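Understanding the architecture of this molecule
Single-letter residue listing:
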Amino acid sequence: MSVVGSGAGEVILALANVESAYGPIKAIRGVSLKVRRGEIATVLGSNGAGKSTILKTISGIIDPSRGTVTYKGENITGLDPSQIVRMGLSHVPEGREVFPLLSVRDNLLMGAYTRNDRDAVARDMETAYTYFPILKERAAQDAGLLSGGQQQMLAISRAMMAAPELMLLDEPSLGLSPKLTRDIFEIVVRINRERGTTMLLVEQNANMALNVADHGYVLESGRIVMDDSCAVLREAEDIKEFYLGKKDTGVRGERRWKKKKTWR
Amino acid sequence: MSKDPHRIVTGEEFGWKTEPLPYKSIPELFRLRVKELGDATMMRQKELGIWRSYTWNEVHAIVEEIGAGLVSLGFEPGEVASVLANTCREWVWCDLAVQSVGGVCNGIYPTDAAKQVEYLCSDSRSVYLLVEDDEQLDKYLEIAEHLPQVRRVIVFDMDGLANFHDERVISLDQLRELGRLHLKQRPQLIQERSNARDPGEVAVLVYTSGTTGKPKGAMISQNNIIAVLSGLSTTLYEGVERGGERIAFLPLCHIAERLIGAFIPLERGSVVNFVENPETVFENLREVRPHLFFAVPRVWEKIYSQVSIGLSEADKMQKLAYGWALHVGSEYAKCTLERRDPPAPLRWRYWLARTLVLENVKRMIGMDRVEVGLTGAAPISPELIRWYMALGIPLREGWGMTETTGGGTQTPRYGLKPGSIGRPGPGLQMRIAEGSNEILLRGPNVILGYLNLPEKTAETIDADGWLHTGDVGHVDDDGYFYITDRMKDIIITAGGKNITPSELENELKFSPYITDAVVVGDKRPYLVVLIMIDQENVEKFAQDHDIPFSNYASLTQTREVQDLIQKELERVNAKFARVEQIKKFYLLQTQLTAEDEELTPTMKLKRKLVEKKYAEAIEAMYR
């Protein structure tokens, strides 16, 4: 496996030959990847490639049928999600999943459920509010009344409240305007840089993901086909054509047919 | 006393005969079959998940329209039209149409890049280019200015071209419309045109893939093709009924699929099924359940490895049953090979093995109706032939080349000798040259020569009509030929030992984990090998043994995969003499596709090119 990745520290998370299935359907068919401490890693892939399944398998929502998940040197395969959260790994699920009938503040406190250090929790809450001032304005409102973008901010902040070392982000850009997407990614990078939180980001918005992340994996029908630093991936022909929509349009100026994927 | 190793061997010696055919050309044969078979199905193509059928009459009408359409645009007898498409119905329609109006049909590989298309069009002086779709059309547009002689480009599938307008480009439907109008004025057009040329003149151009230098255009006449067809019924089709189903998926520009996927079904009146795309071959195979299946060794190997990998997931009972049935099958096959009547108990056990196991395996791979399995275009491992024989699939080997219009030797239905390419077909003479041991062939199927290359032609076909095949081999007392290697591939190590790399390579390729291999060692102290792994099977191996890998390159670099290949190498080395041992190997780290220059269109590694491209990796193995 490649050892590239800027600011590469120790391996904080490693998946080895992980297979997960929904009933008879194998969603991931043997995934091996590594995330290093302090970096933002990303997994790119189309709909149904198995991206969310990877995150769910890591955070313990799904038990893999094969393979191991190692976090901070410990085998966490098949552990209960609540135990995994306590080890400092939080998951920001796809589609936000905030508690709609709880206030914004209570949502944030739910994120800190596993912690006892009240002062630190209060400090983190303040930090969240500085990252997303709108949440402070709406602190007393029911989370269900927030806009989609605000809910996404809340979901990220809620995950941050558990003071995680590793944060799993499942498509934070889903359903958001380009402007909001940019804003949110900016904060994601700030959280990573300022708090040193390692990120594993799953995205369909490849352009965004490749710009913020250090190391990327490309997932194709449940298998990893590319593994390289994002700088390299951004220049790869197949990534340009299939993920960034930049293609050579040929003599006619429009091209409909697809090149064969080679993943080089 | 053994026979002269350099004698002339003919097919007639074994009772193989040519039969007089009631036609002199492919267009004539086509019209004859249309009359006989009329509304019966001639071909099928899967379209959006549904097999669409075409009767002989329908295809006849289409072919006349295309032919007349080309004539209405100004297509003259003897001019060349090139087809640039995957294996599909339109390919065959256009081929028949071009030949029917006295044109010369040339094929271009759909995997060729624009630059190669340019070369082939210029060299063949193509005046029409028939392309499959927008993807192939774009290749032409890129090089259009270098091809002033191309008058029109005809596109089969216009999807994605609604906004495209170019007076040089028309759709196949438009061409047929032109043809329909033209036929109204000149209903006898096709009839008149079909006699425009002599059957001894060039009718088909087939470019040899050319592992070194530019491809050469082999000029094939109707007489050449008819010569091959006239030897079929006593050899390949001995004891096989006419009709039946065929599946076509190899490139039609290659002489093998052109014969077996286009010309021979005309002679045999069999139905050709065109696969959806090259990736769905195995699925389509199970749907069609063909009676004759022709494939290159790579495909036969793939099917074998699918079965063996599938078996590794079976339970203990199933494994035992398979092992037993295969053992019985091979004993039975051995009797057939030695032309003995199997003893009654064996016959009974074989019946049981077939009913319980072997028939199921055959059904699983879509081969339960196969009466003739045929392999060619590359050497095949004898072990693989034995395995298919044990299953009850008579896998026969044919050897031929573009320069022999695909005809050559054939292993007989009975008395098959694994390892041998069989005996010369009827009407042919073959012998081993003194000194060089090159296989020479003479007969009516030898091509007219190479287009624009009189010197190359003279080098290849000598004054007495003997074709120098470039294959080195020998012939046994029964008249079976054996190929040891390509003449230019023979390795002479620094120690002075002559080594035929293909023997070693074939043994390696029999491993389910190895797709192709190139042995290197000319003027070197020892042999090394470049190996292309079978991605699917090696991935499965890695996953089953908990070996982490991410992309293809990382898979080839894992310790365990290296060890796995090392073990395969040792297995092969054990079969060879000490001087022939392969000391080191290197796994190619990119997954190659037909578009890559390293592979021939039939997916073989190009030896010379690979040796050059991976020179550094090779050097490293000698350090």
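Residues numbered from 1 in each chain as written. Chains lettered and ligands numbered in written order. Predicted model: local features only at pLDDT ≥ 70, side-chain atom pairs only at ≥ 80, totals over all residues.

Quick notes on the overall build of chain B
Under the convention used in this document: For the purposes of this entry, the term helix denotes a DSSP run of H or I that reaches at least four residues, the term strand denotes a run of E that reaches at least two, and both are numbered from the N terminus. Atoms considered for the radius of gyration are the C-alpha atoms alone. The globule rule reads 2.2 Å times the number of residues to the power 0.38. In this scheme every C-beta is placed from the backbone, and a residue whose C-beta has 20 or more other C-beta atoms within 10 Å is buried, one with 12 or fewer is exposed, and one in between is partly exposed.
Secondary structure assignment for chain B yields 21 helices and 27 strands. Rg of the C-alpha trace for chain B: 25 Å, near the compact-globule value of 25 Å for 623 residues, within the 12% margin. For chain B, the spread of C-alpha atoms along the principal axes amounts to about 70 × 60 × 55 Å. Among the 623 residues that make up chain B, the fraction classed as buried is 49%.

Some remarks on the overall build of chain A
Convention followed: Contact definition: two residues whose C-beta atoms, as placed from backbone geometry, lie within 7 Å.
Each helix and strand counted, chain A has ten helices and ten strands in total. Here chain A has a C-alpha radius of gyration of 19 Å; the compact-globule value for 264 residues is 18 Å, and the two agree. Per-residue burial for chain A yields a buried fraction of 45% across its 264 residues. Long-range pairs, those at least 24 residues apart, make up 69% of the contacts in chain A with a sequence separation of at least 6.

Focus on the sheet that holds strand β7 (residues 152–155) of chain B
Residues and elements named next belong to chain B. Here is the rule: Two strands qualify as a pair provided that DSSP identifies no fewer than 2 bridges between them. Working convention: axes come from line fits to C-alpha atoms, limited for helices to the stretch in contact. Angles between N-to-C directions cover 0 to 180 degrees.
With mixed pairing, the eight strands of this open sheet are ordered in space as β8-β7-β6-β4-β5-β9-β10-β20. One side of each edge strand has no neighbouring strand; the edge strands of this open sheet are β8 (169–171) and β20 (449–450). Pairing of strand β4 (residues 80–84) with strand β5 (residues 104–108) involves five bridges; the strand directions are parallel. Residue Ser82 lies in a different strand from β5, and its bridge partner there is Asn106. Contacts from helix α5 (residues 134–143) reach β4, β6 (126–131), β7 and β8, with the element oriented near 150° to β6. Along the sheet, helix α8 (residues 222–229) contacts β9 (202–207) and β10 (217–221); its crossing angle with β10, the most-contacted strand, is approximately 70°.

Describing the packing of helix α12 (residues 316–337) of chain B against helix α14 (residues 382–391) of chain B
When two helices pack together, you describe them by how their axes are tilted relative to each other and by the distance separating the axes. All names here are of chain B. Going by this rule: In this scheme, roughly parallel covers angles under 35 degrees and roughly antiparallel covers those over 145, while 65 to 115 is roughly perpendicular and the rest are oblique. Each residue is assigned to one of three groups, with Ala, Val, Leu, Ile, Met, Phe, Trp, Tyr, Cys and Pro labelled nonpolar, Asp, Glu, Lys and Arg labelled charged, and all others, Gly among them, labelled polar.
Following both chains from N to C, one finds α12 and α14 inclined at 100°, their axes separated by 7 Å at the closest point. Compared by their axis directions, α12 and α14 come out roughly perpendicular. Side by side, α12 and α14 meet where Leu326, Gly329, Ser330 and Ala333 of the first sit next to Arg386, Met389, Ala390 and Leu391 of the second. For the contact of α12 with α14, the residue count by class is five nonpolar, two polar and one charged.

Let's talk about the pairing of strand β12 (residues 271–274) of chain B
Residue and element names in this part refer to chain B. Test applied: Classification remark: right-handed applies to a crossover when, strands pointing away from the viewer, the course from the first strand over the helix to the second runs clockwise.
Taking every second residue as pointing to the same face, both faces of β12 are buried, with Val271 and Asn273 on one and Val272 and Phe274 on the other. Relative to β12, strand β2 (residues 41–47) is paired through three bridges, and the arrangement is parallel. From the neighbouring strand, Met43 faces β12, where its bridge partner is Val272. Where strand β11 (residues 245–248) meets β12, four bridges bridge the pair, whose relative direction is parallel. Across the sheet, the residue bridging to Ala248 is Phe274, located in β12. Chirality of the crossover, the property in question, places the unit of β11, helix α9 (residues 255–268) and β12 among those that are right-handed.

Topic: the sheet that holds strand β26 (residues 527–533) of chain B
Sheet strands pair by backbone hydrogen bonding; their relative direction is either parallel or antiparallel. Residues and elements named next belong to chain B. Pairing is mixed in the open sheet, where three strands are placed in the order β25-β26-β27. For this open sheet the edge positions go to β25 (514–520) and β27 (582–587), each flanked by a neighbour on one side alone. The mean inter-strand angle of the sheet, taken between neighbouring strand axes irrespective of direction, is 25°.

A short note on the interface of chain A and chain B
On the side of chain B, 19 residues touch chain A, which itself brings 22 residues to the contact. Listing elements by their share of the side of chain A that touches chain B, those giving two or more residues are β1 (11–22), β2 (25–36) and β10 (223–229) of chain A. Top contributing element to the side of chain A that touches chain B by residue count: β10 of chain A, with four residues. For the side of chain A that touches chain B, the residue count by class is ten nonpolar, six polar and six charged.

Some remarks on the confidence of the model for chain B
So the rule is basically this: Residue-level confidence of the predictor is summarised by pLDDT, bounded by 0 at the bottom and 100 at the top.
With 99% of its residues at a pLDDT of 70 or more, chain B shows a mean pLDDT of 91. The ipTM, which scores confidence in the relative placement of chains, is 0.79 for this predicted complex, and the corresponding pTM is 0.85.

Things to note about the pairing of β5 of chain B
For β5 of chain B, the buried fraction is high: five of the five residues fall into the buried class. Burial along β5 of chain B is two-sided: the residues Val104, Asn106 and Ile108 of chain B and Cys105 and Gly107 of chain B are all buried.

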